[in-house]
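The chain contents come next:
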Amino acid sequence: MKFFVDTADTDEIKSLAEAGLIDGVTTNPSLIAKSGRNMSDVIAEICELTTGHVSAEVVATDFDTMVSEGRKLQKIASNVAVKLPLTMDGLKACRTLSDAGTAVNVTLCFSANQALLAAKAGAAYISPFIGRLDDMNIDGMEVIEEIRIIYDNYGFETEILAASIRNANHVKLSALAGADVATVPPNVLRGLASHPLTDKGLAAFLADAKKAGIKI
């Protein structure tokens, strides 16, 4: 399973990349806005911090402008994946950009039927939003499982990118459901390494080493 970090904070991305924990990055207009910087500058800097795909989202909603914006975003760096909304115009733009060799991440997916259409349109990634489904009392993991079955049934190469991940349990369940990628906020990703028994065991080992005078 690949981990993407869901942020536009370049300091966080650099730190996690240096630890070897991330395979790519996802951004969106909301995350870019928080940085207070020019979108192209932020995307270009992020693309230098990872060799994996960096999702950069269009802000248009009509086919022609989405394609135009997608082409501009792709020119920023070779590892940009253009992020498009799961609408009919978005799917049409996905086919156009994908046929031209651009990796496309189709976002705002909330059903297996939508994911099927994205795969048919040539998407490199489909992003089902787990947390937002859970907010509506719909099992987000069930949607991941359904997409996995459909994609496997027909040999689709579109990668399932579990998004809107809120906690460590979402990460575990996404992995169990067969998601190819999880895009995770930095705090959740760091939290995966934490366990009280790890802390307790380490403290005991260090105390014993100090008592025995062990040095390396």
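Residues numbered from 1 in each chain as written. Predicted model: local features only at pLDDT ≥ 70, side-chain atom pairs only at ≥ 80, totals over all residues. Heavy atoms only, no water.

### Here we look at the pattern of salt bridges
- Under the criterion given, the structure shown has eight salt bridges.
- Measuring nitrogen to oxygen at the nearest pair gives 3.0 Å for the salt bridge that ties Glu 159 to Lys 2. Of this pair, Glu 159 sits in strand β7 (residues 159-162) while Lys 2 sits in strand β1 (residues 2-6), placing them 157 residues apart in sequence.
- Classification of Glu 159 by relative accessible area gives partly exposed; the value is 22%.
- By relative accessible area, which is 28% here, Lys 2 ends up partly exposed.
- For Lys 83, the salt bridge is made with Glu 57, and the minimal N-O distance between the two is 3.9 Å. Linking Lys 83 in strand β4 (residues 80-85) with Glu 57 in strand β3 (residues 54-57), this pair joins segments that are 26 residues apart in sequence.
- A single network of salt bridges, built from pairs that share partners, joins Arg 148, Asp 152 and Asp 180. (Salt bridge = Lys/Arg side-chain N within 4 Å of Asp/Glu carboxyl O. Helix = DSSP H or I, 4+ residues; strand = E, 2+ residues; numbered from the N terminus. Buried < 20%, exposed > 50% of the residue type's maximum accessible area, 1.4 Å probe, protein only.)

### Topic: the pairing of β7
- Pairing geometry for strand β6 (residues 125-128) and β7, over two bridges, is parallel. Residue Tyr 125 lies in a different strand from β7, and its bridge partner there is Glu 159.
- Bridging between β7 and strand β8 (residues 181-184) involves two bridges; their strand directions are parallel. For Ala 162, the partnering residue across the bridge sits in β8 and is Ala 182.
- Following the chain from β7 across helix α9 (residues 168-177) to the adjacent parallel β8, one finds a crossover that is right-handed. (Pairing = 2+ DSSP bridges. Right-handed = clockwise from strand over helix to strand, strands pointing away.)

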